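Listed below, chain by chain, are the residues.
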Amino acid sequence: MGILLLQVKLIKKGAEADIYLIPWHGKDAISKIRKVKSYRNRYLDDNIRKKRTIHEANMLSNVKKFGITTPFLYFMDPVQAEIIMEYIQGTNVKDVLSDSIAFKIGRYVAILHDNNVIHGDLTTSNFIIKDNSLFLIDFGLSFFSERIEDKAVDLRLFKEVLSSAHIDLFKEAYESFITGYSSSTKNNINKILRVVGEIEKRGRYS
Amino acid sequence: MNEVTKISETMFGLGIESTAHTFSCSIMEYDIVKRNGKIISEERSIYKAPSGSGIHPREASRHHMDKSPEILKQCLKSANLLPTKLDIISYSAGPGLGPCLRVGAVIARALSSFYCKPLIPVNHALGHVELGMMLTGCNDPLVLLVSGGHTMILAFANKRWRVFGETLDLTIGQLLDQFGRYISLSSPCGNKIEEFATNSSHDYIPLPYIVKGNDVSFSGLLTAAKSNIKKGCDIQNLCFSIQETSFAMLTEVVERALSFTQKKEVLIVGGVSANTRLQDMLTQAAERQDAKLYSCPLNYSGDNGSQIAWTALCDYQSNHRNIEIENSFINQSWRLDSVDVNWRF
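Reading guide: rules and limits
Residues numbered from 1 in each chain as written. Chains lettered and ligands numbered in written order. Predicted model: local features only at pLDDT ≥ 70, side-chain atom pairs only at ≥ 80, totals over all residues. Heavy atoms only, no water. Salt bridge = Lys/Arg side-chain N within 4 Å of Asp/Glu carboxyl O. Helix = DSSP H or I, 4+ residues; strand = E, 2+ residues; numbered from the N terminus. Buried < 20%, exposed > 50% of the residue type's maximum accessible area, 1.4 Å probe, protein only. Phe/Tyr/Trp six-rings, centres within 6.5 Å; stacked < 30°, edge-to-face > 60°. Lys NZ or Arg CZ within 6 Å of the ring centre and 35° of its normal.

A. How the structure looks around the pattern of salt bridges. Taken as a whole and assessed by the stated rule, the structure comprises 36 salt bridges over all chains. For the salt bridge of lysine 32 of chain A with aspartate 138 of chain A, the shortest nitrogen-to-oxygen distance reads 3.1 Å. In this pair, lysine 32 of chain A is assigned in strand β3 (residues 27-33) and aspartate 138 of chain A in the loop between β9 (133-136) and β10 (143-144), connecting sequence segments 106 residues apart. For the pair lysine 32 of chain A and aspartate 138 of chain A, a shared accessibility class is recorded, and that class is buried. Here arginine 344 of chain B and glutamate 130 of chain B are joined by a salt bridge, their closest N and O atoms 2.5 Å apart. Highlighted residues: arginine 344 of chain B in the segment after α9 (305-319) and glutamate 130 of chain B in helix α3 (residues 124-136), separated in sequence by 214 residues. As far as the burial class goes, arginine 344 of chain B and glutamate 130 of chain B line up, both buried.

B. Looking closely at the packing of aromatic side chains. One pass over the structure, following the stated rule, counts ten aromatic pairs over all chains. Considering the side-chain rings of tryptophan 24 of chain A and phenylalanine 75 of chain A, the 6.0 Å spacing of their centres and the 45 degrees angle between planes classify their relative orientation as tilted. Of this pair, tryptophan 24 of chain A sits in strand β2 (residues 18-24) while phenylalanine 75 of chain A sits in strand β4 (residues 73-77), and the two are 51 residues apart along the sequence. A relative accessible area of 29% places phenylalanine 75 of chain A in the partly exposed class. Taking the centre distance of 5.3 Å and the plane angle of 70 degrees together, the rings of phenylalanine 156 of chain B and tryptophan 161 of chain B count as edge-to-face. Each member of the pair, phenylalanine 156 of chain B together with tryptophan 161 of chain B, is buried. Through a chain of ring-to-ring contacts, the aromatic side chains of Phe158, Phe170, Tyr174 and Phe177 of chain A assemble into a single cluster. Residue placement shows lysine 64 of chain A over the ring face of phenylalanine 72 of chain A; its charged tip is 4.0 Å from the ring centre. For lysine 94 of chain A, the ring lying beneath its charged end belongs to phenylalanine 260 of chain B, and the centroid distance is 4.5 Å.

Right under this line is the structure:
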């Protein structure tokens, strides 16, 4: 991109990608670049970065149809593994999680799942709150699936995040999350929760 | 027997480890003032399964039975300590193989009742983490526990080690061992696979890379690797590819957890932490997140008695609680995140 380096500001060095704040046709925008991982085999790395970039760009726009709020996609370059999207100047849910937000997250996830979209990385740091609306980001690990198993893996991951990073809120937040989920889904929540239990048992020592 | 309050500034603890293939005894000294410890003596005997097969729980427990008197005697002898001088007796109570765990528990109960010493059950996984922290001197790490029994990413919060990510099916040790046995190695196969990988021509054979958020899954990778053998792929290159794929998965989830928790230390413990390629990958990921990698010294990365002795000493020192023999237990699936850790804040 022909952007002057001076105007580019690194705002987060994430696990997967570097997030830059850049000017984009007179507006602030986010550039998310999946950098080459020196530790990963080059063939494997190229594949992963390219695939995830394409998935993410697709899903960012796709899920808008179902009423999920996501940043607008401006530009995508699979070779550089770069996505340029709308800058959401809000607060990360990781820092402000509450029961009511967990409820909203539950509803969002239910909408995604009813449309057979699996997010694949449901952590609290992937939700942003701005003026009372909830933005969902980071679709790099997302995919389409009708399988209850995949939906259950999504729920289990969110449960794991709550029980590790938000242990003080765990009980109430997880309950609100499940209530929110069951209030919106057409799927049978008990069936999914049963599979969540099965997945938890599959690991060793559980 | 309860509430034995010591006026002396040091405590001696015996730790007995017998969760899987290793039977080990260790005597450690705990300095109450400095809150640190020293391994005075340690002895181990490792059950070797015939090549191509895994640990047979019954055979392993027989091995432990046969070797235990000798190991225990040798351990006391090299420590130059009489059993009466010990302050506590501890054993690994789980998770692990039932028949093997029972051997350690029976010996610990016998010693405890004969010498009237407090008996402490220890969670084996917690032992890995606590001994790793003591030996490396790190303070608040993100821990990657990788062994035959565990694949977990942990961080301490609110009195317990919390799980930030783990395997959804096989552990990394199981992946390496089951593949190793498939190509007729004898478990543990990690060393041999690393050697094959190093000597290979480093041609990558694509294998499934499964990361689900903070969790990993290795079962598909194992199946794919096995079917590549049937197709006649080069074994050394396959070993290389298994390592590259599975370790990159682990490194990615560690980097995710690092970025999320903002920890500045990463500690790697457990048998697989001996692998230099894994250490190399983690060093690079940690560097990117401005964190420092600590790895458990090679000699203590595998199962050992010291991890039990040390954890028991910390535990007993923090609450002076022991367990009555009639209540002493083993638990084959005792999860690490269900254990209260009273000596950490």
